[in-house]
Amino acid sequence: MSKDKKQQKSVPEVDLDETLPHQISSPDFKGTGMKMEAPFINEHGVVIGDSFYDSKNSPLNNWSTDTDPEVMAGEEWVHPTNDIGWNTNINRDLIEKKAPPKEGMLRHPTKDSSYGKD
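Residues numbered from 1 in each chain as written. Predicted model: local features only at pLDDT ≥ 70, side-chain atom pairs only at ≥ 80, totals over all residues. Heavy atoms only, no water.

## Concerning the overall build of the protein chain
Scanning the protein chain from terminus to terminus reveals one helix and three strands. Intrachain contacts of the protein chain at a sequence separation of at least 6 include 60% that bridge at least 24 residues. (Helix = DSSP H or I, 4+ residues; strand = E, 2+ residues; numbered from the N terminus. Contact = heavy atoms within 4.5 Å.)

## Overview of the environment of Ser51
You can see Ser51 is positioned in the loop between β3 (47–48) and α1 (89–96). Residue Ser51 is classed as buried on the basis of its relative accessible area, which comes to 18%. Once the C-alpha coordinates of Ser51 and Ile84 are considered, the two residues, 33 residues apart in sequence, prove to be 9.2 Å apart. (Buried < 20%, exposed > 50% of the residue type's maximum accessible area, 1.4 Å probe, protein only.)

## What about the environment of Gly31?
Along the polypeptide, Gly31 turns up in the loop between β1 (7–8) and β2 (40–41). With 65 residues separating them in the primary sequence, Gly31 and Glu96 have C-alpha atoms 8.5 Å apart.

## A short note on the side chain of His79
Assignment of secondary structure puts His79 in the loop between β3 and α1. Polar contacts involving the side chain of His79 include one to the main-chain carbonyl oxygen of Glu37, which spans 3.2 Å. Ignoring anything within four residues of it in the chain, the contact list for His79 reads Glu37, Ala38, Pro39, Phe40, Ile48 and Gly49. (Polar contact = N/O pair within 3.5 Å; in protein donor to acceptor, adjacent residues only side chain to side chain.)

## Description of the confidence of the model for the protein chain
Residue-level pLDDT values for the protein chain average 75, and 64% of them are 70 or greater. Here β1 stands out as the least confident element of the protein chain, with mean pLDDT 50; β2 is the most confident, with 90. Across residues 1–5 the pLDDT falls below 50, and counting only partners more than four positions away or on other chains, this stretch makes five contacts in the model. (pLDDT = per-residue confidence, 0-100.)

The following block contains the structure:
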């Protein structure tokens, strides 16, 4: 989804001086050339990037056996600068050190190695 299609949400800022101090392992974006972006509302009416992960329109809050998990797939569910994925060492290095991932690193296709890193 392009930025112009994202609705900006008037919620309190979640960053402080281009950092996310409420997430101990989040990267420092200051001086990286990547600017922190404000939370937005996706096409499903769900707030993305506010660090609360508790929007009343979220399929997670309205889950049933009839809910297709695919409804939560795609970039409209990921915030570019306030996403849990930034809290991994590899992704922090991408932004803070501008270091590409090391070749040959083991990456498990079904296990969340960032679990508990926030």
